[in-house]
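# Descriptive structure summary
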Amino acid sequence: MRAISLVKKIQFDFPGNVVRNALTLGDIDNDGCNELIVGNQNGDVSIFKGQEKLHTISKLSLVSCVEVGDVLNENRNVLVIITADGWCYIYSASDKENETLESSGVDDGVEQVDGQAQSTSGSGGETLRSTDTPSSSTKQYKKDDDKMDLVCIHKQRIPANAKNILLGDVDGDGMIEMVLGLTDRVVRSYRWIGNAHKHSLSISDSELEFDSSDKLLGKFVALNKWECANQIGSITLHHSWDGTASLLIAQPGGTFMRIKCNSDESAGHSGMENSQSNSSSSQGETIPGSVDYQFLGISRMRNQNISTEILGDLKCSHDGCEKSNTSFSSQKTETSKTSTKGRPYAVATLDGTIMLVQDEVILWAIAVDHQVFALTKLDVTGNGSDDIVVCSWDGQTYILDQEKNSVRFHLDEPVQAFTSGYYNVEPNEPAVTCLVYVTFKNKIILYYDIPLKELICKKFEPDLEKLSELFIEEGRKPEEALEIVKNIDKKTRKELVEYLLYNVNS
Amino acid sequence: MEQFKDAHYFYIPSQGNIYTMTDLKLANGTTKLLVASLKREIFCFEYQESSTGLLVPTTKEVSFTYIPNGAEIISLDAFNKSATKNEFVIGITIIKNSNDSDTLETYLNIYSEWEENEDFNIENIAQNCLNVELNFIPYKLLHTYLVTWQGDSIRSKEVVFILSGSDLQVHVYREHSSDHVYKEIENKDYFPEFIKTPSPVVWIDVYYNSDYTERLTSFACECGYMKLLRIDTRTNKIIYNFSTRFGNYISRVHIFPEPDVPSNFLLETRGLTKCLGNADEASDTKNTNKKLNLIVINTILPAVIFHDVIEYGLTNYATLPRHDTTSILSCCELADIDFDGEKEVLIGTSAEEIMLLKRDKERGWCLEELKKMAAPILGIKYIDISGDGVKELVVLSMKGVHVLQHDFTCLQEVLDSKIQSLTLPNIEELKL
């Protein structure tokens, strides 16, 4: 397998243990540049921008997930931090737009919305009630750093032991929801319900006495709860060929659970609508959407307990899709809607199997000798289709494209958390591809600008038409010259190329 | 060096040194790379072409016999005895830590195939070992021709191993084919230039002129002492003898011709012969215009290049710039990596960089570019390991071997301009 060494890197000091999902790349301050956000088990969350640490949020508890996204549906990114003991924090970079938007005063609208009503589990309701307890750390706005003012705009009690987070439109309503996977095999989804009068609050105004747990801006309302049969590996959002979103929940043994929670499904219709318009209604046992388990054919042969990662919605360039369609169409005669194939998704198991799956058919699988724990996607080569980037505990990283070509990179250190994505090293330059490793030595190593234009290596093939110009003589047509060049055997052509390159002065 | 892209990297478990990378040029035109690491592992790297035309890098650990546990490899060298087939001889010098006492045993192990062969099988070679016990610590191992004359004709031309050592001497090992052993020969009979030096010799370079009548030898020592000698091989007399002292460890000396004579190319295919280049001029330029230059890589001081050493000896020199004063220059390669017909100097440093120096008509040698690598650099080679006619930059670093391939779009552009220059109607303007 081809391997590369990487040179361009930035090292950050970041003490403490980092759990796998407490690491993300995203644009918190909405300036178009991506930052790196890492949280540790001591409750510190650091934001790195460019070559330096920009900001640290401390005195939280064990940070289990961090994610950046427009979870408030206000067309700006905020930082969501979930701690293992069940607190959800939202941090926002103060931006000036908010200050200009001033409107009428506050009323008691806050109290009308309560997440408890939507929760289908009794225990969840109890926990949610505790949001009213006053919080100890309230004033989180940033003082000394002039570059970024991060303010805790919201703080809410949620069920504890969240391990995965997903921000995305899971039910196809155009709004971004928050989906959490918990260590007790439960998946929960939440929606942000904003307070209609929130604009009266200027969050960037440091003079304002502002308690983030007051839920003045709004709050998360629980939408759904699903219980899985087994431990959750990872959660991903996937869209089928017609654009319907589904949640894929990785289950041990290379299997996964698929949840379709579309609002147009009759079963879940009422619940969805209610939560948006009149959130006080309780829908009880109605389970919106459909749930099915997928075993992916070969999984019976494998260890049923091996933990699994899944990653959906791999972007593929048109050519790539076409190619895989044709090559596998023979196997797929039953569901032969060749023009309406879904996007592929990737499944990786800890025993080192990496699979690319399309419409529940395994396109290919490879096995590596390393314990793969992190599965990410990144268009490393910049050819328009996503490559799969996986990392193992010992630092072995594999970059695979959708045609099964692979490149390896080895970080000579064990890794406790890994992600890949885009990062802005210099504020004025475009974001570059990067691989981020959190090692066990209190360091974060960020390799940027991965120098891979293509994953395959070939011999140099000269342009034969150009080469044939050498043989155009009197009484010989260009076509004949081309014919001559085509008939040159490999060794002679190689010698000719060598001679032209190294022995001819241009 | 933007035009280079990372083609491959392989990791070596223990670090090598400036002597532990060599290439094997097979009779069929392909090249393999042999890399040794300190703790006995020797890797053979090659590219194989898959059925779909992809280059598949293959790294194979070769277990050479007679390298005991705990031994450490110092230097490595290989050559092909046969001109038409594969008959490789691989020399490996090792230090063996003896268990009972503090004494070190050192050996020169010479591996060879029984007979010349169409197929190259490194496993076979690795099993067939001749041992030469040494009573010094080995340093640089290289091979060169030993030419003996009878009147005006060459009586014999054989390849010998040359090994420098901690006893401040340079030793020459010659094969006695009848006994099938390698024996040290007296230097003064054949190599009068190798005399006792003030400190161990780090690097030796030997250059023969085209008809083997003369030999240019240069070697440099740990203390900075450097010698350049010109020897008449027919009489074994030294024509000239220059020496100088740089006052720091010298890591490399390298004699290189300039310009490399553009040879003409004869293409024969299916009854068609086509000669590219100018056949008449090529033979003339060979002897007249070719100059020999000598580059000396100092580890701490700037590198020095001596131009036209046949004519000027060590007087016509230029100092190559270096951009920092803290790194150690460990190796160099002379290669025309931008295809302009003039060789550039590539110097590898301990600061994980490759310096690209280019000769400018007016300003002299200038630092053109710095390429960052992932580890301190021990060796650079510019060889065609992919087998497509285009050479790759192979870099040995402390962590492994990096293969850098030319970018294809750049190559095609260069090729286009070369073709254009050849197809220009006026032959006179080509100045081949």
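The name an unreviewed UniProt entry assigns to chain B is KICSTOR complex protein kaptin-like, from the organism Aromia moschata.

Looking up chain A in an unreviewed UniProt entry gives the name KICSTOR complex protein ITFG2-like, with the organism given as Aromia moschata.

This part takes up the interface of chain A and chain B. Counting residues at the interface gives 46 residues for chain A and 60 residues for chain B. In total, chain A and chain B occlude about 4,800 Å² of area from one another, counting both sides; carbon and sulfur atoms represent 60% of this. Across the contact surface, chain A and chain B share four salt bridges. E49 of chain B serves as the salt-bridge partner of K490 of chain A, at 4.0 Å between the closest nitrogen and oxygen. Our count for the contact surface shared by chain A and chain B stands at 15 residue pairs in polar contact (both at pLDDT 80 or more).

Here the focus is the nonpolar core. Counting residues in each nonpolar core, the largest one holds 39 residues, and the members touching the most others are L500 and L501 of chain A together with L346 and L393 of chain B. Taken together, the elements giving at least two residues each to this core come down to α6 (478-487) and α7 (490-503) of chain A together with β24 (329-335), β26 (353-360), β28 (377-383), β29 (392-397) and α5 (408-423) of chain B. Beyond its immediate chain neighbours, meaning those up to four positions away, L500 of chain A contacts L467 and L470 of chain A together with L415, K418, I419 and L422 of chain B. The next biggest cluster of nonpolar side chains, apart from the first, holds 38 residues, and it includes F14, V18, I444 and L446 of chain A.

Right, let's get into the layout of surface pockets. Remark: the empty space left among the atoms is shown by a probe the size of a water molecule rolled over them. Residues and elements named next belong to chain A. Taken as a whole, the second largest pocket holds about 1,200 Å³ of empty space. Residue lining of the second largest pocket: 41 residues in total, with T24, E67, L311, K377 and T419 positioned closest to the centre. Partitioned by chemical class, the residues of the lining of the second largest pocket number 19 nonpolar, 13 polar and nine charged.

Okay, the packing of α7 of chain A against α5 of chain B next. Where α7 of chain A meets α5 of chain B, the closest approach of the two axes is 9 Å, and the angle between their N-to-C directions is 80 degrees. With respect to each other, α7 of chain A and α5 of chain B are oriented roughly perpendicular. Across from V497, Y499, L500 and L501 of chain A in α7 of chain A, the residues of α5 of chain B making contact are L411, V414, L415, K418, I419 and L422 of chain B. Classifying every residue of the contact of α7 of chain A with α5 of chain B gives nine nonpolar, no polar and one charged.

Our next topic: the sheet that holds strand β22 (residues 304-306) of chain B. All names here are of chain B. Taking strand neighbours across the sheet as the criterion, the four strands line up as β18-β21-β22-β23 in an open arrangement whose pairing is antiparallel. Both outer strands of the open sheet, β18 (250-258) and β23 (317-319), are each paired with one neighbouring strand and no more. Neighbour-to-neighbour, the strand axes of this sheet turn through a mean angle of 15 degrees, independent of strand direction. Across three bridges, the pairing between strand β21 (residues 291-298) and β22 is antiparallel. Note on β22: the bridge partner recorded for L294 is F306.

Take the pairing of strand β6 (residues 72-80) of chain B next. Residue and element names in this part refer to chain B. Buried residues dominate β6, accounting for seven of its nine residues. Relative to strand β7 (residues 88-97), β6 runs antiparallel, the two sharing eight bridges. Residue pairing in the sheet places A78 in a bridge with I90 of β7.

Another point: the pairing of strand β13 (residues 186-194) of chain A. All names here are of chain A. Among the nine residues that make up β13, eight are buried, leaving the element largely enclosed by the rest of the structure. Taken together, the four bridges between strand β12 (residues 177-182) and β13 define a ladder with antiparallel strand orientation. Each residue of the ladder has a partner; that of L180, found in β13, is R188.

Applying the stated criterion to the full structure yields three cavities of 30 Å³ or more. The calculated volume of the largest cavity comes to roughly 60 Å³. Residue composition of the lining of the largest cavity, grouped by class: four nonpolar, one polar and five charged.

All names here are of chain B. Ordered in space as β14-β15-β16-β17, the four strands form an open sheet in which the pairing is antiparallel. Sheet topology places β14 (201-208) and β17 (237-245) at the edges, where each strand pairs with a single neighbour. Neighbour-to-neighbour, the strand axes of this sheet turn through a mean angle of 10 degrees, independent of strand direction. Two strands pair when backbone bridges link them, and β14 and strand β15 (residues 214-221) are joined in this way by seven bridges, in the antiparallel orientation.

Cut-offs applied
- For every chain, the first residue of the written sequence is number 1, and numbering continues from 1 onward in sequence order.
- Whichever chain is written first becomes A and whichever ligand is written first becomes 1, with later ones labelled in order.
- At least 70 in pLDDT is required for a residue's local features to be given in this predicted model, at least 80 for side-chain atom pairs to be given and counted, and no such filter applies to totals for whole chains, interfaces and linings, which use all residues.
- The basis for every side-chain value is the complete set of non-hydrogen atoms in the structure, without hydrogens or water.
- Contact definition: two residues touch when any of their heavy atoms are within 4.5 Å.
- The term buried area means the drop in 1.4 Å probe accessible area that two parts suffer when joined, counted for both and summed.
- Here a salt bridge means any side-chain nitrogen of Lys or Arg lying within 4 Å of a carboxyl oxygen belonging to Asp or Glu.
- Polar contacts here mean pairs of N or O atoms no more than 3.5 Å apart (in protein, one a potential hydrogen donor and the other a potential acceptor; neighbouring residues in sequence count only if both atoms are side-chain atoms).
- Note on terminology: a nonpolar core comprises buried Ala, Val, Leu, Ile, Met, Phe, Trp, Tyr and Cys residues joined through side-chain atoms within 4.5 Å.
- The rule is simple: take the accessible area with a 1.4 Å probe, protein chains only, and divide by the maximum for that residue type; under 20% is buried, over 50% is exposed, in between is partly exposed.
- The way it works is that DSSP assigns letters per residue, a run of H or I at least four long becomes a helix, a run of E at least two long becomes a strand, and they are numbered from the N terminus.
- Here a cavity denotes grid points, spaced 1 Å and computed from the protein atoms alone, that fit a 1.4 Å probe unable to get out, and a pocket denotes an open set having protein on both sides within 12 Å along at least 5 of 7 lines; residues with an atom within 4 Å of a point are the lining.
- Grid points are joined across faces, edges and corners, and a volume is the space filled by probe spheres set on the points.
- For this classification, Asp, Glu, Lys and Arg are treated as charged, while Ala, Val, Leu, Ile, Met, Phe, Trp, Tyr, Cys and Pro are nonpolar and the rest, including Gly, are polar.
- Angles run from 0 to 180 degrees between N-to-C directions of axes, and those axes are lines fitted to C-alpha atoms, restricted for helices to the stretch in contact.
- For classification, angles of less than 35 degrees are called roughly parallel, those exceeding 145 degrees roughly antiparallel, those between 65 and 115 degrees roughly perpendicular, and all remaining angles oblique.
- At least two bridges found by DSSP between two strands are what make those strands a pair.

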